[in-house]
Structure formats: structure tokens, C-alpha cells
Amino acid sequence: MNDPVYPVNNDQEMISNVVYDDISIGQTASQTRTLTQADIQAFASISGDVNPAHLDKEYAENTLFHGVIAHGMWGGALISTILGTRLPGPGTIYLEQNLHFARPVRIGDTLTISATVIAKDDEKKRVTLDCEIVNQHGVKVVYGNALVIAPTERVTRQRTALPTMALFDLGARQKALVDSVADLPAIRCAVVHPCDADSLQGALDAAKQGLIVPVLVAPKAKLLAVASAAGFDISSIEIVDVAHSHAAADKAVEMAAAGEVEALMKGSLHTDELMSAVVRCAGLKTKFRLSHVFHLDVPMYHKVLLLTDAALNIAPTLMEKADILQNVINLAQALKIAQPKVALLSAVETVNPKMSSTIDAAALCKMVQRKQIKGGIVDGPLAFDNAISAEAARIKGIDSPVAGDVDILMVPDLESGNMLAKQFEYLAGAATCGVVLGARVPIALTSRADGPSSRVASAALVKLLANEYRKNAP
């Protein structure tokens, strides 16, 4: 999964060298370092060495070492650190280094890296050092000699403050979502007007991964042309031929109401075409209002975020917000979040009668307290910073059970939610997928600009929910 922040030594201590005349035979310097998964990922990213022995756990288990090991030259880099910062230190010029790799280094190993002076060349100001790395068991894992030109002028400099290196395993949480439903039966899903390459590929990829059994509802001639141009084989997939996108929406909704399919997936048609058909269909209505939820894998946040409603309800009333809130709590619980933490967002964290979003947030919290809305830990109004950052809440003196650990962000209206969702995706690098709740079948709803991976993840959501609906059916 994501290992978002790799710690880099940013302390401001001074570093000094040892000039040639002050170096003596037997002089030594050492430091310790514990290997982490982030170290391996960072070294692979910088060097380009993506040997699966270092990065692929399944592959590594079947190698001579029976598990992931560090790159050998990571040990070489640790020795270089000693020579460049400790002994001799700044001004050192590396000439030669020979290394012997005696034992593998594994994640969690604590290493002691040392360099000891064994020879000096007064004429050329060269120093030979015996270098070794020993693990926590006292076993030598790397060793060899280094030849350097030692500095002759003393240098004392403040250690450079390095930027924090962030490592993002983009899409890992979406993959975990897809993997989490692997054991559930695939659902029969009407894919509505998948008449462009991305939406058709998304449906085909979801089928290949066992998420859905697709029924393509679209003008057949147009669909076949798209498949042919993209090189897709859809000869074995059921196609329901209709005249145009509006007819595709009506037919797919009719099939869902009749129980012929257990889910809907939006293709290349406009959202309002599909959702208008859903709203008109009495057979898909429930007691809850329809609402949309974005499932967001935001690299710099420590877990999945659910964001609602940024796609359907423009300016929901208080009671409509109650439905939206209950819908997203139900989704979170289906995702195995037993008591999701919900932040009701506004521009401020205090109730202000001039800002209706703060009044609604306060009322929703009371509705939760009175059990009119069940299953979540809800707080609001909260400004975005207070919801995401416990430190921001602390500074402002806000005592909140959700600050810094929120699972759900509920926005006051579609405009703010849509902007926030797109900021997460396009500025924060979030991987997104989405689903519509409140109907008798779940609806995978993504933007027409979303690629196949987003559509596959949305299919995983509807597979999860369709199986939940089936399990809870009267």
C-alpha cells in the first residue's frame, strides 16, 4: 500500500571534515541505519533498478534469498555517506571502491556502517579505508576497501536541509478495492452507451477481472465500429441494440427495474441522460434520495476518502442532506469501515446563521445524536483544514472526534464538491472512482474524461454493493 512519506535527515547540525594531516592509521567513523520498504522504493526510483528481487514479494519468495532484499549498491551508498560526511568528510574525492556482498540485507535489519583508515599516501594525499557493514546480529553483510583523495583544507558547513521525499504507490488502494471483491460472484451489469474506446475498454477490463458480466446497451453498428477501431473483440458479449443514447438509458433502466441486471454502468453518454431515466423509473426508487460518492485514493492522505455529493444534488435541503449522509455511511460500512468518521464541511467551524451550511451541519449532528442518521461518527461544521489535519484543529482549539482521521467528506453543495473532487484528482494526484447510491441497484458513474482504471474501480464498487443488496433483499 501507500508508504507516503519517506523520512530524510533534515537536521541542521554542522558537518566538518578531517584534513589529510589530521588523519591517522586506525581512525574510524561509523553510523547506523535500519532498512525500510521506503528505502528500497526510493533507491529503485532514483536508480531505475526495478529488479523484482527487491520489489516483488511474490517473486522474491521463490529466489535463493526467500524474500525481498535491499539493492547491493544501497549498501555502497551508505559507505559513501560515511566517506563524504564523516571521514574524511566534505572535500573528499572518491577514486576507487571494491565491495563484497556477503549476506542479504532485509527490511527491518539495523546496520552499522563503518570506515577505518588502513593506509596513507603522503605524496598524493590519498587514504585507503577498510569499509564494512554489519547487521544487528554482528554478521558482516558488505565489506571492501575505498581509496580516496583526502581534503587538505578544513571545511565546516551547515548540513543542507533536504526536501521531504514523498513516495506514492498510485492506484494501490484502488487495486486493494478490486482485490477485496475477488471472491464475490460477478454481477450482470448493463453498460449504458459505451461508445468510445475508454468506456468500452473499462467495461471489458472489468469483465476480465471478474467484476461484471457486461450487457452492452447501445446502437449496435456504432458500438461495433468503436470496438473495431480500438481492436477489441466483443463477439462473445451480449449487445442490446437501441437507436441512440437516450434510448440506451431508458432500456438499461428498464432492465434494472425488471431484475434483468443488478447494476448499471455509465458509458459515454451525459450523466443527466442516464440519471433522468433512473429518476423517472418508479421500479428503481427507494426511500432514499439518489446521491453520488467519489472514492478517492489521495496519495498524501493515510487512507481512502469518500466525498459526497459532487455530481447529482446541486443545492440539497437539510432532509436531502440527511439522505446523502446515510447513503455514504452505508457505503463506508460496506467497505468494512464499521464506524466511519464524517466531516460536514463548510468555510468555517462555527455555526453562523448567515451561512446555511453551518446551520445544516449542526442540525445533521443533532440528527445523528437522535439516531435519525445511524452508523457514523459525525462532526460539523468543519473547515477543510480542520477535517484533514488534527494539527490545524488543535491550533484552532477545536476538539473533534474526526479531525485528522476523517473517512468521509460531505460538502454543502455540488459546486464546492465538484471543485474539491477535481482538485484532489488533478492537483493532489488522487485516483478516483464513483458510484450512485439510493436506487435499487448501484450505478457506476464516472466522468467521460476518466480512463479505464477508474471505470474498473467503479465496477468493483457496484459489485460490492450489488452483493450487499442481494444479501439484504427481503
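Residues numbered from 1 in each chain as written. Predicted model: local features only at pLDDT ≥ 70, side-chain atom pairs only at ≥ 80, totals over all residues. Heavy atoms only, no water.

Novice: With reference to specific residues and values, describe the overall build of the chain.
Specialist: Secondary structure assignment for the chain yields 15 helices and 21 strands. Here the chain has a C-alpha radius of gyration of 29 Å; the compact-globule value for 474 residues is 23 Å, and the former is much larger. Taken along the three principal axes of its C-alpha coordinates, the chain extends 95 × 60 × 35 Å. Taking all 474 residues of the chain together, 48% fall into the buried category. Counted over contacts in the chain with a minimum sequence separation of 6, partners at least 24 positions apart contribute 72%. Of note, the chain has its 43 positive side-chain charges centred 5 Å away from the centre of its 50 negative side-chain charges. (Helix = DSSP H or I, 4+ residues; strand = E, 2+ residues; numbered from the N terminus. Rg over C-alpha atoms; globule rule 2.2 N^0.38 Å. Buried < 20%, exposed > 50% of the residue type's maximum accessible area, 1.4 Å probe, protein only. Contact = heavy atoms within 4.5 Å. Lys, Arg positive; Asp, Glu negative; His and termini not counted. Charge placed at Lys NZ, Arg CZ, Asp CG, Glu CD.)

Novice: With reference to specific residues and values, describe a negative patch on the surface.
Specialist: Taken together, the side chains of Asp 21, Asp 121, Asp 122 and Glu 123 present a region of like negative charge at the surface. The topology assignment puts Asp 122 in the loop between β6 (110-121) and β7 (126-134). (Patch = residues over 30% accessible without salt bridge, like charges linked within 9 Å, V, L, I, M, F, W, Y side chains within 5 Å. Areas by Shrake-Rupley, 256 points an atom, 1.4 Å probe, with all protein chains shown as cover. Salt bridge = Lys/Arg side-chain N within 4 Å of Asp/Glu carboxyl O.)

Novice: Residue-level account of the packing of aromatic side chains, with values.
Specialist: Taken as a whole and judged by the stated rule, the model has one aromatic pair. For the ring pair Phe 384 and Phe 424, a centre distance of 6.0 Å and an interplane angle of 50° mean the geometry is tilted. Here Phe 384 is found in helix α12 (residues 384-388), whereas its partner Phe 424 is found in helix α14 (residues 414-426), with 40 residues between them in sequence. For Phe 384, a relative accessible area of 33% corresponds to the partly exposed category. For Phe 424, a relative accessible area of 8% puts it in the buried group. Geometry around Tyr 20 places Lys 120 over its ring, the cationic atom sitting 4.2 Å from the centre. The ring of Tyr 143 carries Lys 140 above its face, with NZ or CZ at 5.2 Å from the centroid. (Phe/Tyr/Trp six-rings, centres within 6.5 Å; stacked < 30°, edge-to-face > 60°. Lys NZ or Arg CZ within 6 Å of the ring centre and 35° of its normal.)

Novice: An account of the side chain of His 292 is requested, with residue identities and associated values reported.
Specialist: Counting through the fold element by element, His 292 comes out in strand β15 (residues 291-297). Judged by its relative accessible area of 1%, His 292 is buried. At 3.3 Å, the side chain of His 292 forms a polar contact with the backbone oxygen of Leu 445. Not counting chain neighbours up to four residues away, the residues in contact with His 292 comprise Leu 307, Thr 308, Asp 309, Ala 310, Ala 311, Leu 312, Gly 434, Val 435, Val 436 and Leu 445. (Polar contact = N/O pair within 3.5 Å; in protein donor to acceptor, adjacent residues only side chain to side chain.)

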